[in-house]
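Below are the chains, spelled out letter by letter.
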Amino acid sequence: MPIPIDTKRTSLMRHQETVRNCRQCLLEGFQVSPPPVVSGRPECQVMIIGQAPALASMESGRNFSGRAGRILFSWFERFGLTEDQVRASVYITALTRCYPGRNPRGGDRKPSPRELALCRPFLLTELDLLAPHVVLPVGQMAIEHFLGKAPLGTRVGGVFEKAGVSFIPLPHPSGASRWLNDAVNKRLLDEALECVRELALPLIRTTLALYDELD
(Lines give C-alpha, C1' and ligand atoms only; values in the text may rest on other atoms or scores of the structure.)
Protein backbone atom coordinates (compact mmCIF):
# COMPACT_ATOMS: atom_id res chain seq x y z
CA MET A 1 0.00 0.00 0.00
CA PRO A 2 1.48 3.39 -1.01
CA ILE A 3 2.61 5.70 1.79
CA PRO A 4 0.57 8.97 1.92
CA ILE A 5 2.71 11.82 0.62
CA ASP A 6 2.49 13.85 3.84
CA THR A 7 3.65 10.85 5.85
CA LYS A 8 6.38 10.17 3.32
CA ARG A 9 7.55 13.80 3.47
CA THR A 10 7.73 13.82 7.26
CA SER A 11 9.50 10.45 7.37
CA LEU A 12 12.01 11.51 4.73
CA MET A 13 12.82 14.76 6.54
CA ARG A 14 13.49 12.81 9.75
CA HIS A 15 15.57 10.29 7.86
CA GLN A 16 17.68 12.97 6.21
CA GLU A 17 18.34 14.64 9.54
CA THR A 18 19.44 11.28 10.97
CA VAL A 19 21.84 10.84 8.05
CA ARG A 20 23.32 14.33 8.48
CA ASN A 21 24.02 13.62 12.15
CA CYS A 22 25.66 10.24 11.54
CA ARG A 23 29.33 9.85 12.54
CA GLN A 24 29.53 6.02 12.65
CA CYS A 25 32.43 5.73 10.21
CA LEU A 26 34.48 8.31 12.11
CA LEU A 27 33.86 6.46 15.36
CA GLU A 28 35.18 3.27 13.74
CA GLY A 29 38.35 5.03 12.61
CA PHE A 30 37.65 5.67 8.93
CA GLN A 31 39.15 8.91 7.65
CA VAL A 32 35.95 10.22 6.09
CA SER A 33 34.95 13.86 5.94
CA PRO A 34 31.47 14.58 7.31
CA PRO A 35 28.86 15.93 7.25
CA PRO A 36 27.12 13.20 5.27
CA VAL A 37 25.60 14.33 1.99
CA VAL A 38 21.84 13.88 1.65
CA SER A 39 19.12 15.73 -0.22
CA GLY A 40 16.04 15.02 -2.32
CA ARG A 41 12.26 15.19 -2.31
CA PRO A 42 9.67 12.52 -1.45
CA GLU A 43 7.73 12.79 -4.72
CA CYS A 44 10.62 11.41 -6.81
CA GLN A 45 9.88 8.19 -8.70
CA VAL A 46 13.40 7.88 -10.12
CA MET A 47 16.64 7.48 -8.16
CA ILE A 48 20.27 8.00 -9.16
CA ILE A 49 22.64 6.06 -6.91
CA GLY A 50 26.39 6.60 -7.05
CA GLN A 51 29.34 5.30 -5.08
CA ALA A 52 30.18 8.07 -2.60
CA PRO A 53 30.21 11.87 -2.49
CA ALA A 54 33.20 13.64 -4.00
CA LEU A 55 34.93 16.57 -2.32
CA ALA A 56 32.80 19.07 -4.26
CA SER A 57 29.66 17.24 -3.13
CA MET A 58 30.72 17.40 0.50
CA GLU A 59 31.26 21.16 0.17
CA SER A 60 27.94 21.79 -1.61
CA GLY A 61 25.80 19.24 0.24
CA ARG A 62 24.59 17.77 -3.08
CA ASN A 63 25.77 14.63 -4.82
CA PHE A 64 27.42 14.92 -8.25
CA SER A 65 28.44 18.56 -7.75
CA GLY A 66 31.86 18.35 -9.43
CA ARG A 67 33.17 17.45 -12.86
CA ALA A 68 31.46 14.05 -12.88
CA GLY A 69 28.17 15.77 -12.15
CA ARG A 70 28.58 18.16 -15.05
CA ILE A 71 29.04 15.19 -17.37
CA LEU A 72 26.15 13.28 -15.81
CA PHE A 73 23.75 16.20 -16.20
CA SER A 74 24.93 16.76 -19.76
CA TRP A 75 23.50 13.31 -20.54
CA PHE A 76 20.09 14.52 -19.35
CA GLU A 77 20.40 17.61 -21.52
CA ARG A 78 19.76 15.24 -24.43
CA PHE A 79 16.19 15.07 -23.14
CA GLY A 80 15.88 18.83 -22.71
CA LEU A 81 16.36 18.70 -18.92
CA THR A 82 18.49 21.15 -16.97
CA GLU A 83 20.52 20.18 -13.92
CA ASP A 84 18.03 22.01 -11.69
CA GLN A 85 15.15 20.04 -13.20
CA VAL A 86 16.93 16.74 -12.68
CA ARG A 87 17.81 17.58 -9.08
CA ALA A 88 14.20 18.59 -8.42
CA SER A 89 12.66 15.44 -9.86
CA VAL A 90 15.23 12.66 -9.26
CA TYR A 91 16.39 11.49 -5.84
CA ILE A 92 20.18 11.54 -6.07
CA THR A 93 22.06 9.57 -3.45
CA ALA A 94 24.99 7.17 -2.99
CA LEU A 95 25.98 3.89 -1.36
CA THR A 96 27.93 5.84 1.28
CA ARG A 97 27.27 9.36 2.48
CA CYS A 98 30.59 10.98 3.49
CA TYR A 99 33.51 12.00 1.32
CA PRO A 100 35.93 9.06 1.72
CA GLY A 101 39.11 11.06 1.06
CA ARG A 102 41.81 10.69 -1.53
CA ASN A 103 43.41 7.47 -2.69
CA PRO A 104 47.22 7.83 -2.39
CA ARG A 105 47.50 6.32 -5.88
CA GLY A 106 45.15 8.91 -7.35
CA GLY A 107 41.46 9.71 -7.40
CA ASP A 108 39.07 9.31 -4.49
CA ARG A 109 39.26 6.30 -2.17
CA LYS A 110 36.64 3.61 -2.66
CA PRO A 111 34.53 2.95 0.43
CA SER A 112 35.41 -0.24 2.27
CA PRO A 113 32.94 -3.10 2.78
CA ARG A 114 32.48 -2.01 6.38
CA GLU A 115 31.64 1.57 5.36
CA LEU A 116 29.16 0.23 2.83
CA ALA A 117 27.57 -1.89 5.55
CA LEU A 118 27.30 1.06 7.95
CA CYS A 119 25.54 3.20 5.32
CA ARG A 120 23.36 0.45 3.85
CA PRO A 121 20.41 1.04 6.25
CA PHE A 122 20.19 4.63 4.99
CA LEU A 123 19.85 3.48 1.40
CA LEU A 124 17.33 0.79 2.32
CA THR A 125 15.21 3.36 4.14
CA GLU A 126 15.20 5.62 1.09
CA LEU A 127 14.27 2.77 -1.22
CA ASP A 128 11.43 1.77 1.11
CA LEU A 129 10.11 5.33 1.49
CA LEU A 130 10.36 6.40 -2.13
CA ALA A 131 9.48 3.03 -3.72
CA PRO A 132 11.05 4.20 -7.01
CA HIS A 133 9.93 2.76 -10.32
CA VAL A 134 13.35 3.32 -11.93
CA VAL A 135 16.83 3.26 -10.39
CA LEU A 136 19.93 4.45 -12.24
CA PRO A 137 23.02 2.95 -10.56
CA VAL A 138 26.03 4.97 -11.67
CA GLY A 139 29.46 3.34 -11.81
CA GLN A 140 30.73 -0.18 -11.27
CA MET A 141 30.39 -0.25 -7.48
CA ALA A 142 26.76 0.90 -7.50
CA ILE A 143 25.89 -1.44 -10.37
CA GLU A 144 27.45 -4.43 -8.60
CA HIS A 145 25.61 -3.55 -5.40
CA PHE A 146 22.27 -4.16 -7.09
CA LEU A 147 23.06 -6.52 -9.95
CA GLY A 148 26.12 -8.48 -8.85
CA LYS A 149 29.57 -8.64 -10.42
CA ALA A 150 29.84 -8.62 -14.19
CA PRO A 151 31.81 -6.70 -16.82
CA LEU A 152 30.51 -3.17 -17.27
CA GLY A 153 29.95 -3.81 -20.95
CA THR A 154 27.38 -6.50 -20.13
CA ARG A 155 25.36 -4.15 -17.93
CA VAL A 156 25.37 -0.73 -19.58
CA GLY A 157 22.78 -0.56 -22.35
CA GLY A 158 20.33 -2.93 -20.72
CA VAL A 159 17.37 -2.81 -18.35
CA PHE A 160 17.26 -5.20 -15.40
CA GLU A 161 14.01 -5.85 -13.53
CA LYS A 162 14.14 -6.69 -9.83
CA ALA A 163 11.14 -6.73 -7.49
CA GLY A 164 9.17 -4.46 -9.78
CA VAL A 165 11.96 -1.90 -10.16
CA SER A 166 13.70 -1.17 -13.48
CA PHE A 167 17.47 -0.78 -13.06
CA ILE A 168 19.26 1.08 -15.87
CA PRO A 169 23.02 0.95 -15.23
CA LEU A 170 25.12 3.95 -16.27
CA PRO A 171 28.92 4.19 -16.41
CA HIS A 172 30.59 6.57 -14.00
CA PRO A 173 31.02 9.97 -15.67
CA SER A 174 34.31 10.67 -13.91
CA GLY A 175 37.08 11.98 -16.14
CA ALA A 176 39.36 9.47 -14.42
CA SER A 177 37.49 6.61 -16.10
CA ARG A 178 38.70 5.66 -19.56
CA TRP A 179 35.84 3.27 -20.24
CA LEU A 180 33.95 5.82 -22.30
CA ASN A 181 36.95 6.48 -24.54
CA ASP A 182 36.09 3.33 -26.48
CA ALA A 183 33.64 3.86 -29.37
CA VAL A 184 31.84 0.60 -28.55
CA ASN A 185 31.25 1.74 -24.98
CA LYS A 186 29.99 5.12 -26.16
CA ARG A 187 27.35 3.27 -28.16
CA LEU A 188 26.41 1.30 -25.04
CA LEU A 189 25.97 4.60 -23.20
CA ASP A 190 23.72 5.83 -26.00
CA GLU A 191 21.63 2.67 -25.65
CA ALA A 192 21.42 3.14 -21.88
CA LEU A 193 20.27 6.72 -22.30
CA GLU A 194 17.58 5.60 -24.72
CA CYS A 195 16.35 3.29 -21.94
CA VAL A 196 16.36 6.30 -19.60
CA ARG A 197 14.39 8.26 -22.17
CA GLU A 198 11.80 5.51 -22.47
CA LEU A 199 11.38 4.48 -18.83
CA ALA A 200 12.61 7.32 -16.60
CA LEU A 201 11.85 10.48 -18.56
CA PRO A 202 8.03 10.14 -18.35
CA LEU A 203 8.30 9.74 -14.56
CA ILE A 204 10.60 12.74 -14.30
CA ARG A 205 8.21 14.89 -16.32
CA THR A 206 5.28 13.74 -14.18
CA THR A 207 7.14 14.82 -11.04
CA LEU A 208 8.06 18.18 -12.55
CA ALA A 209 4.42 18.73 -13.55
CA LEU A 210 3.35 17.94 -10.00
CA TYR A 211 5.65 20.65 -8.65
CA ASP A 212 4.19 23.11 -11.16
CA GLU A 213 0.71 22.32 -9.84
CA LEU A 214 1.85 22.81 -6.25
CA ASP A 215 3.32 26.21 -7.15
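Because the structure is a prediction, the values reported are computed rather than measured.

Q: Outline unusual backbone geometry, listing residues and values.
A: For the bond running from Pro-34 to Pro-35, omega is 10°, close enough to zero to count as cis. Along the chain, Pro-35 turns up in the loop between helix 2 (24-27) and strand 1 (46-50). Its identity is not glycine, yet Phe-64 carries a phi of approximately 55°, on the positive side. Here Phe-64 shows up in the loop between helix 3 (55-60) and helix 4 (67-77). By relative accessible area, Phe-64 is classed as buried at 11%. Positive phi, normally seen in glycine, also occurs at Ala-131, with a value near 45°. By the secondary structure assignment, Ala-131 is in the loop between helix 6 (113-130) and strand 3 (134-137). The class for Ala-131 is partly exposed, based on a relative accessible area of 48%.

Q: Account for helix 6, with residues named and values stated.
A: Side chains of residues three or four places apart in an α-helix project in the same direction, reflecting 3.6 residues per turn. Between its first and last C-alpha, helix 6 extends 25 Å over 18 residues, near the 26 Å set by a 1.5 Å rise per residue. Listed in full, the buried residues belonging to helix 6 are Glu-115, Leu-116, Leu-118, Cys-119, Phe-122, Leu-123, Glu-126, Leu-129 and Leu-130. Contacts made by the buried residues of helix 6 are with helix 1 (5-21), helix 2, strand 1, strand 2 (90-94) and helix 7 (140-147). Backbone geometry just downstream of helix 6 places Ala-131 in the positive-phi region, at approximately 45°.

Cut-offs used in this document
Residues numbered from 1 in each chain as written. Predicted model: local features only at pLDDT ≥ 70, side-chain atom pairs only at ≥ 80, totals over all residues. Heavy atoms only, no water. Helix = DSSP H or I, 4+ residues; strand = E, 2+ residues; numbered from the N terminus. Buried < 20%, exposed > 50% of the residue type's maximum accessible area, 1.4 Å probe, protein only. Expected span 1.5 Å × (residues − 1). Contact = heavy atoms within 4.5 Å.

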